[in-house]
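Chain by chain, the residues run as shown.
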Number of protein chains: 2
Amino acid sequence: MPFKLIRHRMTRQRQIILEVLRGTGVHPTADVIYEQVRKIMPQISLGTVYRNLRVLTENGEIQELSYGSSHSRFDGNPSDHYHFVCRECHAVADVNLPVMNKINTLAAEAVNGRVESHRLEIYGLCAGCCNNNLCAKDPD
Amino acid sequence: MPFKLIRHRMTRQRQIILEVLRGTGVHPTADVIYEQVRKIMPQISLGTVYRNLRVLTENGEIQELSYGSSHSRFDGNPSDHYHFVCRECHAVADVNLPVMNKINTLAAEAVNGRVESHRLEIYGLCAGCCNNNLCAKDPD
DNA sequence: GTACGTGCAAATATTTTGCAGCAGT
DNA sequence: ACTGCTGCAAAATATTTGCACGTAC
């Protein structure tokens, strides 16, 4: 038997992590999630947060986003959608733009292999950073 | 004077790193670049490779790509283009698809702030992994 | 009862940085 | 000569993991 079916359990830790992620509009990093969850369950460990984020991602209940280099961010909304990333404060927000399935069709002609999905990120300045006079200047 | 102009020097190390990046079709990680450069200049240090990758990225001479979580990859082609990422072997390849500027226009209407650019990644199975019978199965 | 999950702490992996001497312009 | 750059090694960051005990099912 090459594959073993793991029967995941819904522990209190996993449940709280999921609730925190679903209840926030920002797309927090693992340690921000850790801090949030600790307010509800102070004894949780960071390792548990990472393990659960992995399990939830593999289950398709949340999604992992990685922009810039360093740390990952997580999104409690598992459905396919696009993101906006602020080049100044690095905030990540959902973009209210329909998913363009046509991109997969177009890409399939240009790629040697099988196209399954795509990921689109919009970059720029968020409203907050824009108001800090940054929008007066040209982009770097 | 809030900004200081740094006058970068073209050292032999920087030059070799740039040549290695421009001479490869793959999009290598920092330590792969390090190994390549060491064949030409064995005494170079990993810290120098990281410092130069940063400077070159800031200068717009190369670009940094980050998919999945862990390590960054670098692309010796600084012009705007899209990438294909294999979900199995994580190889990254250029996609021969024109840049769709219209996406910025569309996004500008859906975003609160200033849209400057976008990044598009196509996901799927590369030709090699496809041939390993993986294309017979449905995606996970 | 079984075996997945947890907290803790140590281990990994990746990237950054302080420092004294080196080298591009 | 000025100041950025280098190699080295240590530090900082982010994430993973071994282990013994705990708990969902």
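Conventions adopted
Residues numbered from 1 in each chain as written. Chains lettered and ligands numbered in written order. Predicted model: local features only at pLDDT ≥ 70, side-chain atom pairs only at ≥ 80, totals over all residues. Heavy atoms only, no water. Helix = DSSP H or I, 4+ residues; strand = E, 2+ residues; numbered from the N terminus. Rg over C-alpha atoms; globule rule 2.2 N^0.38 Å. Buried < 20%, exposed > 50% of the residue type's maximum accessible area, 1.4 Å probe, protein only. Contact = heavy atoms within 4.5 Å. Areas by Shrake-Rupley, 256 points an atom, 1.4 Å probe, with all protein chains shown as cover. Lys, Arg positive; Asp, Glu negative; His and termini not counted. Charge placed at Lys NZ, Arg CZ, Asp CG, Glu CD. Near = heavy atom within 4 Å. Polar contact = N/O pair within 3.5 Å; in protein donor to acceptor, adjacent residues only side chain to side chain. Nonpolar A, V, L, I, M, F, W, Y, C, P; charged D, E, K, R; others polar. pLDDT = per-residue confidence, 0-100. Buried area = accessible area lost by both parts, 1.4 Å probe. Salt bridge = Lys/Arg side-chain N within 4 Å of Asp/Glu carboxyl O.

## As for the overall build of chain A
Then, in step 1: Looking only at helices and strands, chain A has 5 helices and 5 strands in total.
Then, in step 2: Its C-alpha atoms give chain A a radius of gyration of 18 Å, more than 25% over the compact-globule value 14 Å for 140 residues.
Then, in step 3: Referenced to the eigenvectors of the C-alpha coordinate spread, the extents of chain A come out at roughly 50 × 45 × 25 Å.
Then, in step 4: Across the 140 residues in chain A, those meeting the buried criterion constitute 41%.
Then, in step 5: Across chain A, the fraction of contacts at a sequence separation of at least 24, relative to all contacts at a separation of at least 6, is 48%.
Then, in step 6: Here chain A has roughly 8400 Å² of accessible surface; of this, 50% comes from carbon and sulfur atoms.
Then, in step 7: Here chain A holds 16 positive side-chain charges and 15 negative ones, and the gap between their average locations is 10 Å.

## Observations regarding the protein's contact with DNA strand D
Then, in step 1: Neighbouring DNA strand D are 22 residues, the closest being Tyr50(A), His71(A), Arg9(B), Arg14(B) and Thr48(B).
Then, in step 2: Considering the 4 Å shell around the protein, atoms of DNA strand D inside it are sugar or phosphate in 68% of instances.
Then, in step 3: Between DNA strand D and the protein, one listed contact pairs a base nitrogen with a side-chain N or O atom of Arg51(B) at 3.0 Å.
Then, in step 4: When contributions to the surface near DNA strand D are tallied by element, the ones reaching two or more residues are α3 (46–58) of chain A together with α1 (12–22) and α3 (46–58) of chain B.
Then, in step 5: Tallied by class, the residues present in the surface near DNA strand D amount to 4 nonpolar, 10 polar and 8 charged.

## Details of the confidence of the model for chain A
Then, in step 1: Summing up the model confidence of chain A, the mean pLDDT is 89 and the portion of residues at 70 or higher is 91%.
Then, in step 2: Looking across chain A, the model is least confident in helix α5 (residues 127–131) of chain A, with a mean pLDDT of 86, and most confident in helix α1 (residues 12–22) of chain A, with 97.

## Examining the protein's contact with DNA strand C
Then, in step 1: If you check the shell around DNA strand C, you find 22 residues, and the closest are Arg9(A), Thr11(A), Thr48(A), Tyr50(B) and His71(B).
Then, in step 2: Close to the protein, within 4 Å, the atoms of DNA strand C are drawn from sugar and phosphate at a rate of 67%.
Then, in step 3: Within the contact set of DNA strand C, a phosphate oxygen lies 3.2 Å away from a backbone nitrogen or oxygen of Ser45(A).
Then, in step 4: Elements with a minimum of two residues in the surface near DNA strand C: α1 and α3 of chain A together with α3 of chain B.
Then, in step 5: Among the elements that make up the surface near DNA strand C, the one with the highest residue count is α3(B) (5 residues).
Then, in step 6: Tallied by class, residues from the surface near DNA strand C come to 4 nonpolar, 10 polar and 8 charged.

## Observations concerning the interface of chain B and chain A
Then, in step 1: Chain B puts 39 residues into the contact, and the matching count from chain A is 39 residues.
Then, in step 2: Surface buried jointly by chain B and chain A totals about 3000 Å² across both partners, of which 57% is contributed by carbon and sulfur atoms.
Then, in step 3: Broken down residue by residue, the surface that chain B buries against chain A is led by Arg114(B), Glu116(B) and Arg119(B), which jointly contribute 21%.
Then, in step 4: If you look at where chain B meets chain A, you find 4 salt bridges.
Then, in step 5: Residue Glu121(A) pairs with Arg119(B) through a salt bridge whose shortest N-O separation is 3.5 Å.
Then, in step 6: On inspection of chain B and its partner chain A, the count reaches 12 residue pairs in polar contact (both at pLDDT 80 or more).
Then, in step 7: Elements supplying a minimum of two residues to the side of chain B that touches chain A: α4 (102–110), β5 (113–126) and α5 (127–131) of chain B.
Then, in step 8: Per-element accounting of the side of chain B that touches chain A gives the leading share, 14 residues, to β5(B).
Then, in step 9: Here the side of chain B that touches chain A is built from residues that sort into 21 nonpolar, 10 polar and 8 charged.

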